[in-house]
Amino acid sequence: SAIERLKERARCIALWEPAHGPTSSPPDGFTITEWADWVVSTLDRVGVRRAVFVGHSMGGMVVQAIRERHPDRVLGLVLVGTLATEWDRESRDTFNAHADTVAAGWTADVAQQCADILVGKAYRGDKARLKAWKDEVGSYELRGLPALARAISDRPDFLRGLAAAQVPVLIVHGSDDAAIPVDAGRDKRYAIPNFS
């Protein structure tokens, strides 16, 4: 894993997001700003004042919110397969409807639909890894997913703030990303002055 490779050179902390793993669900009306505050308060509890924040997908949106709300805490950003722009109403509604479906029950059909949307072909082809992913997601507190989905879908546009960021930004985006097109990574790249 990435943490295994980096732990000799840096302290690495991987947080379980709300409603994932052992964490509890956020309240209704949870916002991405509150999510950013939650991450920062979690880091306070483990004695981390400043960090390079790495966020994948939804986590990438959260770390951009952290950069806007708590810029003094951010040494750098690594944005992996994520977005910086707002969604239109149709995209928001579709995303929230998917979250509501997952919260209603993690059936085999729902798990496969999510895999088709979120997981690349190569990963889906590895039956053991795919089963492990489905089992892990099925163990989450999925009733909290609609609150997270709405925090993400109602997020502001981060592109202008990202362009003004006074910290290093690394953008990582795979060409086989099933959920977020590679052009989303290019959009961020072109928005950042002097990006190389």
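Residues numbered from 1 in each chain as written. Predicted model: local features only at pLDDT ≥ 70, side-chain atom pairs only at ≥ 80, totals over all residues. Heavy atoms only, no water.

**Student:** Would you mind showing me how to read the sheet that holds strand 2 (residues 74-80) here?
**Tutor:** Two orientations exist for strands paired in a sheet by backbone hydrogen bonds: parallel and antiparallel. Pairing is parallel across the open sheet formed by three strands, whose spatial order is 1-2-3. With partners counted over all chains shown, the strands left at the sheet margins are strand 1 (51-56) and strand 3 (169-172), one partner each. Averaged over all pairs of adjacent strands, the angle between their axes in this sheet comes to 15°, without regard to strand direction. Helix 3 (residues 58-69) contacts strand 1 and strand 2 of the sheet and is inclined by roughly 145° relative to strand 1. (Pairing = 2+ DSSP bridges. Helix = DSSP H or I, 4+ residues; strand = E, 2+ residues; numbered from the N terminus. Axes fitted to C-alpha atoms, helices over the stretch in contact; angles between N-to-C directions. Contact = heavy atoms within 4.5 Å.)

**Student:** Would you explain helix 4 (residues 89-104) in this entry?
**Tutor:** Each α-helix winds once per 3.6 residues, and so residues spaced three or four apart point in a common direction. The terminal C-alpha atoms of helix 4, which comprises 16 residues, lie 22 Å apart, in line with the 22 Å expected from a rise of 1.5 Å per residue. Buried within helix 4 we find Arg 92, Asn 96, Ala 99 and Val 102. On an axial view of helix 4, the arc spanned by its buried residues comes to 115°, and they lie on one face. What points out from helix 4, more than 90 degrees from its buried face, is the exposed set Glu 90 and Ala 104. Check the buried side of helix 4 and you find it contacts helix 5 (108-118) and helix 8 (145-153). (Expected span 1.5 Å × (residues − 1). Buried < 20%, exposed > 50% of the residue type's maximum accessible area, 1.4 Å probe, protein only. Arc of directions from axis to C-beta.)

**Student:** Before we go on, may I ask you to explain the pattern of salt bridges in this structure?
**Tutor:** Opposite charge on two side chains permits them to pair, given that their charged atoms come into close proximity. Inspection of the entire model under this criterion finds eleven salt bridges. Residue Glu 68 is joined to Arg 67 by a salt bridge in which the shortest nitrogen-to-oxygen separation is 4.0 Å. The exposure class of Arg 67 is buried, given its relative accessible area of 14%. (Salt bridge = Lys/Arg side-chain N within 4 Å of Asp/Glu carboxyl O.)

**Student:** Where do I start with helix 8 in this structure?
**Tutor:** Of all nine residues in helix 8, eight are buried; the element is thus mostly enclosed. Buried within helix 8 are the following residues: Leu 145, Pro 146, Ala 147, Leu 148, Ala 149, Ala 151, Ile 152 and Ser 153. Summarising the contacts, the buried residues of helix 8 are in contact with helix 2 (32-45), helix 3 and helix 4.

**Student:** Sorry, what's going on with the pairing of strand 2 here?
**Tutor:** Here is the key point about a regular strand: its side chains alternate between the two faces of the sheet. Strand 2 sits mainly inside the fold: five of its seven residues count as buried. By the bridge criterion, six bridges tie strand 1 to strand 2 in an arrangement that is parallel. Among the inter-strand pairings, Val 54 is bridged to a residue of strand 2, identified as Val 78. A crossover connection joins strand 1 to the parallel strand 2 through helix 3; in handedness this β-α-β unit is right-handed. Summarising the sheet, strand 2 and strand 3 pair through four bridges and their orientation is parallel. The residue bridging Leu 77 from the neighbouring strand is Val 169, located in strand 3. (Right-handed = clockwise from strand over helix to strand, strands pointing away.)

**Student:** Would you explain the environment of Gly 76 in this entry?
**Tutor:** As for its placement among the helices and strands, Gly 76 is situated in strand 2. In sequence terms Gly 76 and Val 54 are 22 residues apart; their C-alpha atoms lie 8.5 Å from each other. Aside from chain neighbours lying at most four places away, what touches Gly 76 is Ala 51, Val 52, Phe 53, Val 167 and Pro 168.

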